[in-house]
Amino acid sequence: MKILVALKRVADPDNANKVKIPASGEKIDTTGLEWKPNPFDEYALEAALRLTENGTQPKVRAGEVVVVTFGPKETETTLRAALATGADRAIRVDASDDKLDGDLVARALKALVEKEKPDVVLMGKQAVDGDSNQVGQILAELLDWPMATFAATIREEAGALLVGREVDGGVSTLRVKLPAVVTVDLRIVAPTSVYSTKTPSTHKYNDGVRFAALPAIMAAKKKPLVEVKLADLAPDQALKVSYHGFAAPPARKAGIKVKDVSELVSKLKNEAKVL
Amino acid sequence: MADVLVVAEVAEGKLKKTTHSAITFAQKAAAAIGGTFSILVIGDGAGKAAAEAQGFGAAKILVVEDASLKNYLAERYTPTVAAVAKGYGVVVGTASAYGKDLLPRVAARLGAGYASDITEVTPENGNLRYKRPMFAGNAFGICSISTPIQVVSVRQSAFAAAEPTGGQSPVETVAYAGPSKAAERVEFVSFDQVKSARPELTEARVVVSGGRALKEKFNQVLDPLADVLGAAVGASRAACDAGYAPSDLQVGQTGKIVAPQLYFAIGISGAIQHLAGMKGSKVIVAINKDADAPIFQVADYGLVADLFTTVPELVKGIQAAKG
């Protein structure tokens, strides 16, 4: 199986420095924040690795995992890290973050998919910076491929994937015949979430994503990483969604600490009047 | 900019409550651009559900029913929704699992721009501006869409459910446009519903959420409190990951976004991903053993205490207070 994994580098909002909005509201200031791969995309990579191996012999890859990111030169760090954990090849589409929207990324990915011809495109359900949750769905429609969004489990079958999706009120299970687009949710990296046809059903993975060992990090430096121009994939680079300004969320006024349950109940009843 | 089309969410012959938030958006947006709004009711039992779309002031209620729409699949719904959308300037649904799955696909089919999880809409020089949360709710972006048709999903907690005010909208039946080619390669297998007698998390007036600290006693501790308050039960990601609560209950950036009148965070430390899902709540109560837990920074009332002894006391206290 050949899998294309789309990985985005994001400024980690889960950081003591937090994102800041200057008074002018002209941008989101991410100074002091660490760059890291979007967690959902890291989970997608882990799922791709699990789908292309026998879980009991994770060093042998059955198929190919190609990772792609959109961004400036320094995003190659993210790609090298993905290569170190087991991806075979990497593609960087040279682009500037502020000149992209979900639609443009999906159109460029479509062109890349037509060239690479993967059986599956995997990515996170959303990136934790823009929180848009759209690229996988748009890509699936542009390709006229079936999709399974918000995947919590994936079982490989002959020529298909059986996908358990986390939706409102329960789990919806779909069978998608390949090629298909799958976007993943948090629990895709649980120990029994993903099985290739090669992995015995008794196998349990470690919880979470795998980490690269030092020799693999060294070896990743020699794995192929190519740069592609955005214009070669998407000649029309007009954005459909543009941002005019940014604002900080309204601050909650600091509350109080109550000393015991009876004070809490009294406040809820008499002050907040919510009981 | 013409008119607004609401894509309703239908389940078992009923209009889902999520639809009412999209209707509120449509009422505001239509007023802002000087147009009307219509409601597209598509799915199994749409004809029956359409009656519930009456009374909101829609110009039309469009009904699409077909045997092949029984179990929702984006690949089957998209061509019809997109075909109907061609007569409108703005297409809106609520950012539920259904809306988030379907609407970007519809946008792609229309070559339209898509903005998700809108919390505010305002007119601006004949166009609309949308406010949407980013970075786990630590920033809001104000954006606009430049395509002739705009597709948006709205955050349910940011648009109060529309109330019917009377009047009848004409109902039109629209033919099912057929599946897309992709539909040949996707098959609905099953839906395992989590059954609960409690109110829906996103619609409850009170939400009681628990964290990993509750361990196996998650339900034992929280159920009595939820019962006395008539509350929905939520959970932190850590509690879901550890298996103490079903994933469907997760409140946070990537789970459910809630904004009830009263929110209890019990044994939840308050990671930003969790805060992103609940800090719009009107009154927040936090109970945690750790006085430095970040949850206290957003809580209106904080109580530093052991939750295993405190919550049962609280249940009794609330019972007494309610008489």
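Residues numbered from 1 in each chain as written. Chains lettered and ligands numbered in written order. Predicted model: local features only at pLDDT ≥ 70, side-chain atom pairs only at ≥ 80, totals over all residues. Heavy atoms only, no water.

Engineer: Tell me what's going on with the overall build of chain A, and back it up with residues and numbers.
Structural biologist: Counting secondary structure elements, chain A contains seven helices and 14 strands. Principal axes of the C-alpha set define a box for chain A whose edges measure 65 × 50 × 40 Å. With 275 residues in all, chain A has 56% of them scored as buried. Of all intrachain contacts in chain A linking residues separated by at least 6 positions in sequence, the fraction that spans at least 24 positions is 69%. Split by element, the accessible area of chain A, about 11,600 Å² in all, is 55% carbon and sulfur. (Helix = DSSP H or I, 4+ residues; strand = E, 2+ residues; numbered from the N terminus. Buried < 20%, exposed > 50% of the residue type's maximum accessible area, 1.4 Å probe, protein only. Contact = heavy atoms within 4.5 Å. Areas by Shrake-Rupley, 256 points an atom, 1.4 Å probe, with all protein chains shown as cover.)

Engineer: Please set out the overall build of chain B residue by residue, giving values where relevant.
Structural biologist: Counting secondary structure elements, chain B contains eight helices and 18 strands. Taken over the C-alpha trace, chain B has a radius of gyration of 21 Å; the compact-globule value for 323 residues is 20 Å, and the two agree within 12%. Each principal axis of the C-alpha distribution contributes one length, and for chain B these read about 60 × 45 × 40 Å. Out of the 323 residues in chain B, the part that is buried amounts to 59%. (Rg over C-alpha atoms; globule rule 2.2 N^0.38 Å.)

Engineer: Describe the packing of aromatic side chains, listing the residues and the values that go with them.
Structural biologist: Enumeration according to the criterion identifies seven aromatic pairs over all chains in this entry. Measuring from ring centre to ring centre gives 5.6 Å for Y243 of chain A and F246 of chain A, while their planes differ by 10°; the resulting arrangement is stacked. The exposure class assigned to Y243 of chain A is partly exposed, which follows from its relative accessible area of 32%. Judged by its relative accessible area of 17%, F246 of chain A falls in the buried class. Here the aromatic residues F25, Y130 and F159 of chain B are joined through ring pairs into a cluster of three or more. Directly above the aromatic system of F140 of chain B lies the positively charged group of K131 of chain B, at a separation of 5.1 Å from the ring centroid. The ring of F308 of chain B carries K217 of chain B above its face, with NZ or CZ at 5.6 Å from the centroid. (Phe/Tyr/Trp six-rings, centres within 6.5 Å; stacked < 30°, edge-to-face > 60°. Lys NZ or Arg CZ within 6 Å of the ring centre and 35° of its normal.)

Engineer: Outline the packing of helix 3 (residues 74-85) of chain B against helix 4 (residues 97-110) of chain B, listing residues and values.
Structural biologist: All names here are of chain B. Two numbers describe how helix 3 lies on helix 4: the axes approach to 9 Å, and their chain directions differ by 55°. On the basis of the axis angle, helix 3 is oblique to helix 4. Crossing of helix 3 against helix 4: the hand is right-handed. Together, A74, E75, Y77, T78, P79, V81, A82 and A85 of helix 3 and Y98, D101, L102, R105, V106, R109 and L110 of helix 4 make up the contact between the two elements. Its residues assigned to classes, the contact of helix 3 with helix 4 shows ten nonpolar, one polar and four charged. (Axes fitted to C-alpha atoms, helices over the stretch in contact; angles between N-to-C directions. Parallel < 35°, antiparallel > 145°, perpendicular 65-115°, else oblique. Left-handed = near helix turned anticlockwise from the far one by under 90°. Nonpolar A, V, L, I, M, F, W, Y, C, P; charged D, E, K, R; others polar.)

Engineer: Please provide a residue-by-residue account of the domain arrangement of chain B, values included.
Structural biologist: All names here are of chain B. As far as domains go, chain B holds domain 1 (4-185) and domain 2 (206-322). Of the roughly 540 Å² buried between domain 1 and domain 2 on both sides combined, carbon and sulfur atoms contribute 51%. For the domain 1 face of the interface with domain 2, the top three residues by lost area are A136, R155 and S157, together amounting to 71%. Taken together, the connections running from domain 1 to domain 2 amount to zero salt bridges. Across the domain 1-domain 2 interface, the total number found is zero residue pairs in polar contact (both at pLDDT 80 or more). (Domains from an automatic or database assignment. Buried area = accessible area lost by both parts, 1.4 Å probe. Salt bridge = Lys/Arg side-chain N within 4 Å of Asp/Glu carboxyl O. Polar contact = N/O pair within 3.5 Å; in protein donor to acceptor, adjacent residues only side chain to side chain.)

Engineer: Account for the sheet that holds strand 18 (residues 301-304) of chain B, naming residues and giving values.
Structural biologist: Strand order across the open sheet formed by six strands is 14(A)-18(B)-17(B)-16(B)-14(B)-15(B), with parallel pairing between neighbours. The sheet is open, and its two borders are formed by strand 14 (256-257) of chain A together with strand 15 (232-235) of chain B, each paired with just one other strand. The sheet contact formed by strand 14 of chain A and strand 18 of chain B spans two bridges and is parallel. The partner of K257 of chain A across the bridge, within strand 18 of chain B, is G302 of chain B. Sheet contacts for helix 8 (residues 307-322) of chain B: strand 16 (262-266), strand 17 (283-288) and strand 18 of chain B; angle to strand 16 of chain B, the most-contacted strand, approximately 155°. (Pairing = 2+ DSSP bridges.)

Engineer: Tell me what's going on with the pattern of salt bridges, and back it up with residues and numbers.
Structural biologist: Evaluated as defined, the whole model comprises 42 salt bridges over all chains. For D103 of chain A, the salt bridge identified is with R107 of chain A, shortest N-O distance 3.0 Å. Taken together, the positions of D103 of chain A and R107 of chain A, both in helix 3 (residues 102-116) and four residues apart, correspond to about one turn of that helix. Summarising the burial analysis for this pair, D103 of chain A and R107 of chain A share the class buried. Between R155 of chain B and D117 of chain B there is a salt bridge, with the nearest N and O atoms lying 2.9 Å from each other. In this pair, R155 of chain B sits in the loop between strand 11 (150-154) and strand 12 (171-173) while D117 of chain B sits in strand 7 (residues 113-118), placing the two residues 38 residues apart along the sequence. You can call R155 of chain B buried: its relative accessible area is 13%.

Engineer: Talk me through a nonpolar patch on the surface; I want residue IDs and the actual numbers.
Structural biologist: Residue and element names in this part refer to chain A. Taken together, the side chains of L214, I217 and M218 make up a nonpolar region of the molecular surface, amounting to roughly 290 Å² of accessible area. Take M218: it is sitting in helix 5 (residues 214-220). On the basis of relative accessible area, M218 is assigned to the partly exposed category, the value being 44%. (Patch = residues over 30% accessible without salt bridge, like charges linked within 9 Å, V, L, I, M, F, W, Y side chains within 5 Å.)

Engineer: Describe the interface of chain B and chain A, listing the residues and the values that go with them.
Structural biologist: If you look at the interface, chain B gives 88 residues, while chain A gives 78 residues. Summed over both partners, the interface of chain B with chain A comes to about 7,000 Å²; 55% of that surface belongs to carbon and sulfur atoms. On the chain B side of the contact with chain A, F135, R185 and Y301 of chain B bury the most area, a combined 13% of that side's loss. Linking chain B with chain A are seven salt bridges, by the criterion used here. K256 of chain B is the salt-bridge partner of D168 of chain A, the closest N and O atoms lying 3.9 Å from each other. Counting every contact that joins chain B to chain A gives 54 residue pairs in polar contact (both at pLDDT 80 or more). Considering every element that reaches the side of chain B that touches chain A, the biggest residue donor is strand 13 (residues 186-193) of chain B, with eight residues. Here the side of chain B that touches chain A is built from residues that sort into 41 nonpolar, 25 polar and 22 charged. Strand direction decides the pairing type here: strand 13 (residues 241-247) of chain A and strand 10 (residues 139-145) of chain B, joined by six bridges, are antiparallel. Bridge pairing in strand 10 of chain B links S242 of chain A to S144 of chain B.

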